[in-house]
Amino acid sequence: MQIHLIAVGDKMPAWVQQGYADYARRLPAECALRLVEIAAGRRGKNADIARIRRAETERVLAAVPKGAHVVVLAVDGRAWSTAQLADQLADWMHAGRDVALLVGGPEGLGDAARAAAAQHWSLSPLTLPHPLVRVVLAEQLYRAWSLLRNHPYHRA
């Protein structure tokens, strides 16, 4: 199984790239994490934000691998504890399908992505900067895997 983190934004600071890469490379092949960056639409003074969000959503959905289990990250999604995320990860691994985690741009994802998702997941009721979301996701997936494998990284 591969986990595809499909995220809007392709010009991340070095600390984001380094933080994401550090945790992503720790994950084993049984649940490898792959980042797919989607270019964000240009936002100017009089930008049509609704159109930009629709276009970003279309590009995100086009990047979802065929047959993948789709999970949208949204502030109004379901919050999972570390143990619950580990259970989700175990379920995803047992299902044998790839998983696509979708992260929108500054205005989030459009209705089409939300409708395509089997699950809606909230990392926090806080609004997190999207670059930080990549690092937090990679770390939490690694933590969930370490919990499943009794690896010493996770200490409850």
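Rules behind the numbers
- Residues numbered from 1 in each chain as written.
- Predicted model: local features only at pLDDT ≥ 70, side-chain atom pairs only at ≥ 80, totals over all residues.
- Heavy atoms only, no water.
- Helix = DSSP H or I, 4+ residues; strand = E, 2+ residues; numbered from the N terminus.
- Rg over C-alpha atoms; globule rule 2.2 N^0.38 Å.
- Buried < 20%, exposed > 50% of the residue type's maximum accessible area, 1.4 Å probe, protein only.
- Contact = heavy atoms within 4.5 Å.
- Areas by Shrake-Rupley, 256 points an atom, 1.4 Å probe, with all protein chains shown as cover.
- Lys, Arg positive; Asp, Glu negative; His and termini not counted.
- Charge placed at Lys NZ, Arg CZ, Asp CG, Glu CD.
- Pairing = 2+ DSSP bridges.
- Right-handed = clockwise from strand over helix to strand, strands pointing away.
- Axes fitted to C-alpha atoms, helices over the stretch in contact; angles between N-to-C directions.
- Parallel < 35°, antiparallel > 145°, perpendicular 65-115°, else oblique.
- Left-handed = near helix turned anticlockwise from the far one by under 90°.

Caption draft 1: Structural view of the overall build of the protein. Each helix and strand counted, the protein has 5 helices and 5 strands in total. Compactness check: the protein gives a C-alpha radius of gyration of 15 Å against a globular reference of 15 Å for 156 residues, within 12% of the reference. Counting only C-alpha atoms, the protein reaches 50 × 30 × 25 Å along its principal axes. Of all 156 residues assigned to the protein, the portion counted as buried reaches 44%. Considering only intrachain contacts with a sequence separation of at least 6, the fraction spanning at least 24 residues in the protein is 82%. Counting only carbon and sulfur atoms, one obtains 52% of the accessible surface of the protein, whose full area is about 8,300 Å². Distance between charge centroids for the protein: 3 Å, based on 19 positive and 14 negative side chains.

Caption draft 2: Seen up close, the pairing of strand 1 (residues 2–8). The buried fraction of strand 1 is high, at 6 of 7 residues. Relative to strand 2 (residues 32–38), strand 1 runs parallel, the two being bridged by 7 bridges. Bridging from a neighbouring strand, Ile6 pairs with Val36 of strand 2. Between the parallel pair strand 1 and strand 2, the chain is carried across by helix 1 (residues 14–26), and the sense of this crossover is right-handed. Taken together, the 5 bridges between strand 1 and strand 4 (residues 99–103) define a ladder with parallel strand orientation. Residue Ala7 lies in a different strand from strand 4, and its bridge partner there is Val103.

Caption draft 3: Here's a closer look at the sheet that holds strand 1. Sheet architecture is open: 5 strands sit in the order 2-1-4-3-5, paired in parallel fashion. Edge strands, defined here as strands with exactly one partner in the open sheet, are strand 2 and strand 5 (119–122). For this sheet, the mean inter-axis angle between neighbouring strands, taken without regard to orientation, is 30°.

Caption draft 4: Up close: the packing of helix 1 against helix 5 (residues 130–148). In the contact formed by helix 1 and helix 5, the axes pass within 8 Å of each other and the chain directions differ by 15°. As the angle between them shows, helix 1 and helix 5 are arranged roughly parallel. Remark: the crossing between helix 1 and helix 5 carries left-handed chirality. Taken together, the residues of helix 5 that come into contact with helix 1 (itself represented by Trp15, Val16, Gly19, Tyr20, Tyr23, Ala24 and Arg26) are Pro131, Leu132, Arg134, Val135, Ala138, Glu139 and Tyr142.

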